[in-house]
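Geometric and topological summary
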Amino acid sequence: MANLITLARMALVIPFVFAFLANAPWNMTAALVIFVIAALTDFVDGRVARARGETSALGAALDPIADKLLIAAALILLARNGVIAGFGVVAVIIIILREILVSGLREALAAAQKTLAVTPLAKWKTTAQLIAAGLMLAAAPTGIAGEALRPVASAALWLAAILTLWTGAEYALRAAELLRGERA
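In this convention, every chain numbers its residues from 1, walking through the sequence in written order. Owing to the predicted nature of the model, reporting of local features is limited to residues with pLDDT of at least 70; listing and counting of side-chain atom pairs is limited to 80 or more, with chain, interface and lining totals taken over all residues. As a rule here, side-chain values come from all non-hydrogen atoms in the structure, and water together with hydrogens is ignored.

Examining the overall build of the chain
Going by this rule: Elements are defined by DSSP. Helices are runs of H or I of four residues or more, strands are runs of E of two residues or more, and each kind is numbered from the N terminus. For a compact globule the rule gives 2.2 Å times the number of residues to the power 0.38, and the radius of gyration it is set against comes from C-alpha atoms. Relative accessible area decides the class of each residue, using a 1.4 Å probe on protein chains only: under 20% of the type maximum gives buried, over 50% gives exposed, and in between gives partly exposed. Here a residue-residue contact requires only that any non-hydrogen atoms of the pair lie within 4.5 Å. Each accessible area value is a Shrake-Rupley result obtained with a 1.4 Å probe; residue values ignore everything except the protein chains displayed when judging cover. The sign given to each residue is positive for Lys and Arg and negative for Asp and Glu; His and the chain ends receive no count. Each charge is placed at NZ for Lys, CZ for Arg, CG for Asp and CD for Glu.
Per the secondary structure count, the chain includes six helices and zero strands. Element order for the chain, N to C, with α for helix and β for strand: α-α-α-α-α-α. Taken against the 2.2 N^0.38 rule, which gives 16 Å for 184 residues, the C-alpha radius of gyration of the chain at 17 Å falls within 12% of a compact globule. Its C-alpha atoms put the chain at 60 × 40 × 20 Å along the principal axes. The proportion of buried residues among the 184 residues of the chain is 43%. In the chain, of all internal contacts separated by at least 6 residues, the share reaching a separation of at least 24 is 78%. Accessible area of the chain: about 9600 Å², with a carbon and sulfur share of 72%. Of the side-chain charges in the chain, 15 are positive and 11 negative, and the distance between the mean point of each set is 1 Å.

Following this line, the structure appears as structure tokens:
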């Protein structure tokens, strides 16, 4: 059940993208609704897996992938249409590059039969990213809150970027230690 919820989050990326790109006055509202539903599944799937005793390696692999797909799609589209512009694009690059870095580190560690456990701060990082992207969607010109929300949304994006950078550095250091130990 939990894996189906996670797969649903991945599948919701497609209608999210279509709603975002629709040439209609309701597009950002529809995109935000889909995004919020998808984001909420991130909190539901883990609880369901633990409650039902259905935690699995597949679920542990799919969950962060689903998060990355949803967040990357939202941030790329928001940068594409100028909701995130200027220096804000740096925050988007920090977030996307960190996610690629950590995925690569996890792959290298898996090849060495080691794992990099998710930290509590990394869970907060994901929450911050989801909130920031949601606020940015709401702050889009045709979003439900409009551009008046943009300063708050931008601050949330930078908070997410800082947490992302911090957790990326922590993971890189931990992965380097684990990989060095493998070679010794």
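Don't stop here, the text continues.
Quick notes on a nonpolar patch on the surface
What counts here: Exposure above 30% relative accessible area and the lack of any salt bridge qualify a residue for a patch; like charges then connect within 9 Å, and the nonpolar side chains Val, Leu, Ile, Met, Phe, Trp and Tyr within 5 Å. Only one rule defines a salt bridge in this text: a Lys or Arg side-chain nitrogen within 4 Å of an Asp or Glu carboxyl oxygen.
Taken together, the side chains of M1, L4 and L7 make up a nonpolar region of the molecular surface, amounting to roughly 310 Å² of accessible area. Inspection of the secondary structure puts M1 in the segment before α1 (2–21).

Observations regarding the layout of surface pockets
Where we set the bar: Residues are said to line a cavity or pocket when one of their atoms sits within 4 Å of a point; the points come from a 1 Å grid over protein atoms alone, cavities being sets where a 1.4 Å probe fits but cannot get out and pockets being open sets with protein on both sides within 12 Å along at least five of seven lines. Grid points are joined across faces, edges and corners, and a volume is the space filled by probe spheres set on the points.
For the largest pocket, the calculated volume is near 1200 Å³. Taken together, 44 residues form the lining of the largest pocket, with A60, D63, P64, V118 and K123 sitting closest to its centre. Secondary structure elements with two or more residues in the lining of the largest pocket: α1, α2 (27–52), α3 (57–80), α4 (88–111) and α5 (120–138). Broken down by element, the residue count for the lining of the largest pocket peaks at 10 residues, all from α3.

Description of the pattern of salt bridges
Per the stated rule, a full pass over the model turns up seven salt bridges. Residue R9 is joined to D42 by a salt bridge in which the shortest nitrogen-to-oxygen separation is 3.5 Å. Of the two residues, R9 sits in helix α1 while D42 sits in helix α2, which places them 33 residues apart along the sequence. There is no split in this pair, since R9 and D42 are both buried. Among the charged side chains, a salt-bridge network with shared partners connects R9, D42, D63 and D67.

Here we look at α3
Under the convention used in this document: Multiplying 1.5 Å by the residue count of a helix minus one yields the expected span of that helix.
For α3, which comprises 24 residues, the first-to-last C-alpha distance of 35 Å matches the rise-based estimate of 34 Å (1.5 Å per residue) to within 8%. Those residues of α3 lying buried are G59, L62, A66, D67, L70, I71, A73, A74, L75, L77 and L78.

What is shown is where atoms sit, not what they do.
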